[in-house]
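# Topology and contacts: notes
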Amino acid sequence: MLRAVSVALLVVLLETRGSEILNDAHIYRSFASDEIVPEVVDEAPDCWLRVSYKSGREAEGGNRLTPTQTRSIPSVTFNANDRSFYSLIMTDPDAPSRDDPKHREFVHWIVGNIQGNDLERADTIVEYFGAAPPKGSGLHRFVFLLYEHSERLDFANEPRLSRNCRNPRRYFSTKNFARKYGLTNLWAGNYFQALYDDYVPILQGQLSECTQTELTGPRNGTAFGG
């Protein structure tokens, strides 16, 4: 009886403490075992990024969340240097599926020039779009990557994608985007995995092909390919 209670308590602790128990020493192994290295980035970050959703769930190094749980913009927190800027990318390298990623990557969120942990006053390039894996496509990895840079970057030539804008999100390249802006210091990262649920058709129904008016900046094909 005591053993059963102890096991149950351990499960509760694992579910409630979330990324507080993630060990930074394990991030290299996690990124490699789930092939985020080398498919998305060449090297893993040094520490975990805390990504917390209003549903009460967090990204925990490849744990499973649902599209319903990740529908709202998450809170993203990290140890920031006062004099540095940060740029955040959330991407799905498994579009339309991990077995056939012919649309790799589908970018879900980009926020540039973050100071401290203040994303609201930063430069939103791609508005947040939650996890929406197609039905029958299996598990998708949703990867958060935070880069540190010493100066404010000029993203004026990038298209600003609204939440409902679909086409330029496809064929995105994290590596090319980082190369274009000299993002060499991958400060932190995290990821979760998700399967289709009944909220996905609602999300997909909100997407549409972008009009030229909505693409407020030119695409140069370097990172945005759709």
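The sections below set out a description of the structure shown in this document. (Residues numbered from 1 in each chain as written. Predicted model: local features only at pLDDT ≥ 70, side-chain atom pairs only at ≥ 80, totals over all residues. Heavy atoms only, no water.)

### Brief notes about the overall build of the protein chain
Our working definition: The secondary structure listing takes helices from DSSP runs of H or I that are at least 4 residues long and strands from runs of E that are at least 2 residues long, numbered from the N terminus. Per-residue accessibility, obtained with a 1.4 Å probe over protein chains only, is compared with the maximum for each type, and a residue is labelled buried under 20%, exposed over 50%, and partly exposed between these values. Pairs of residues are marked as contacts when any of their non-hydrogen atoms sit within 4.5 Å.
Along the protein chain, the regular secondary structure elements total five helices and nine strands. Start at the N end of the protein chain and walk to the C end: the helices and strands fall as α-α-α-β-β-β-β-β-β-β-β-α-β-α. In the protein chain, which comprises 226 residues, the proportion classed as buried is 48%. In the protein chain, the share of contacts with a sequence separation of at least 24, taken over all contacts with a separation of at least 6, comes to 77%.

### Details of the packing of aromatic side chains
Just so we agree on the cut-off: Each Phe, Tyr or Trp ring, with Trp reduced to its six-membered ring, pairs with another whose centre is within 6.5 Å; inter-plane angles below 30 degrees give stacked pairs, above 60 give edge-to-face pairs, and intermediate values give tilted ones.
On inspection of all chains with the given rule, the structure shows 13 aromatic pairs. Taking 5.5 Å as the distance between ring centres and 90° as the angle between the ring planes, the aromatic pair formed by Phe-31 and Tyr-191 counts as edge-to-face. Of this pair, Phe-31 sits in helix α2 (residues 27–33) while Tyr-191 is found in strand β9 (residues 185–194), placing the two residues 160 residues apart along the sequence. Classification of Phe-31 by relative accessible area gives buried; the value is 0%. Of the residues examined, Tyr-191 reaches a relative accessible area of 0% and is grouped as buried.

### Describing the side chain of Glu-58
The following threshold applies: For the purposes of these results, a polar contact is taken to be a pair of N or O atoms within 3.5 Å, where, inside protein, one atom must be able to donate a hydrogen and its partner to accept one; residues adjacent in sequence count only when each atom of the pair is a side-chain atom.
Position of Glu-58 relative to the elements: it lies in the loop between β2 (50–52) and β3 (63–65). At 2.7 Å, the side chain of Glu-58 forms a polar contact with the side chain of Arg-50. Among the polar contacts listed, one links the side chain of Glu-58 to the side chain of Ser-52, at a separation of 3.4 Å.

### Notes on the environment of Ala-122
On the secondary structure map, Ala-122 appears in the loop between β6 (106–114) and β7 (123–126). According to the relative accessible area criterion, Ala-122 is buried, its value standing at 17%. Residue contacts for Ala-122: discarding those within four places in its chain leaves Val-111, Gly-112, Asn-113 and Ile-114.

### A word on the pattern of salt bridges
Stated precisely, the cut-off is as follows: Salt bridges are identified by distance alone: a Lys or Arg side-chain nitrogen within 4 Å of an Asp or Glu carboxyl oxygen.
Applying the stated criterion across every chain, the model contains ten salt bridges. A salt bridge links Glu-39 to Arg-104, with the nearest nitrogen and oxygen atoms 3.3 Å apart. Within this pair, whereas Glu-39 is found in helix α3 (residues 36–39), its partner Arg-104 is found in the loop between β5 (85–92) and β6, the two being separated by 65 residues in sequence. Accessibility expressed as a relative area gives 26% for Glu-39, which makes it partly exposed. The partner of Glu-58 in a salt bridge is Arg-50, and the shortest N-O contact between them spans 2.7 Å. Classification of Arg-50 by relative accessible area gives partly exposed; the value is 29%. One network of salt bridges, with partners in common, ties together Glu-39, Asp-94, Arg-104 and Arg-141.

### Some thoughts on the nonpolar core
What counts here: The criterion is simple. A nonpolar core is a set of buried Ala, Val, Leu, Ile, Met, Phe, Trp, Tyr and Cys residues joined through side-chain atoms within 4.5 Å.
By size, the foremost hydrophobic cluster in this structure holds 28 residues, and its most contacted members are Phe-31, Val-41, Ile-110, Leu-145, Tyr-147 and Phe-177. Only α2, α3, β6, β7, β8 (140–149), α4 (174–180) and β9 provide two or more residues apiece to this core. For this core, the element with the most residues is β8, which contributes three residues. Here Leu-145 is in contact with Phe-31, Val-40, Val-41, Ser-87, Leu-88, Ile-89, Thr-174, Leu-186 and Ala-188, once residues within four sequence places are set aside. Membership of the second largest hydrophobic core comes to 23 residues, among which are Val-51, Phe-78, Tyr-86 and Trp-109.

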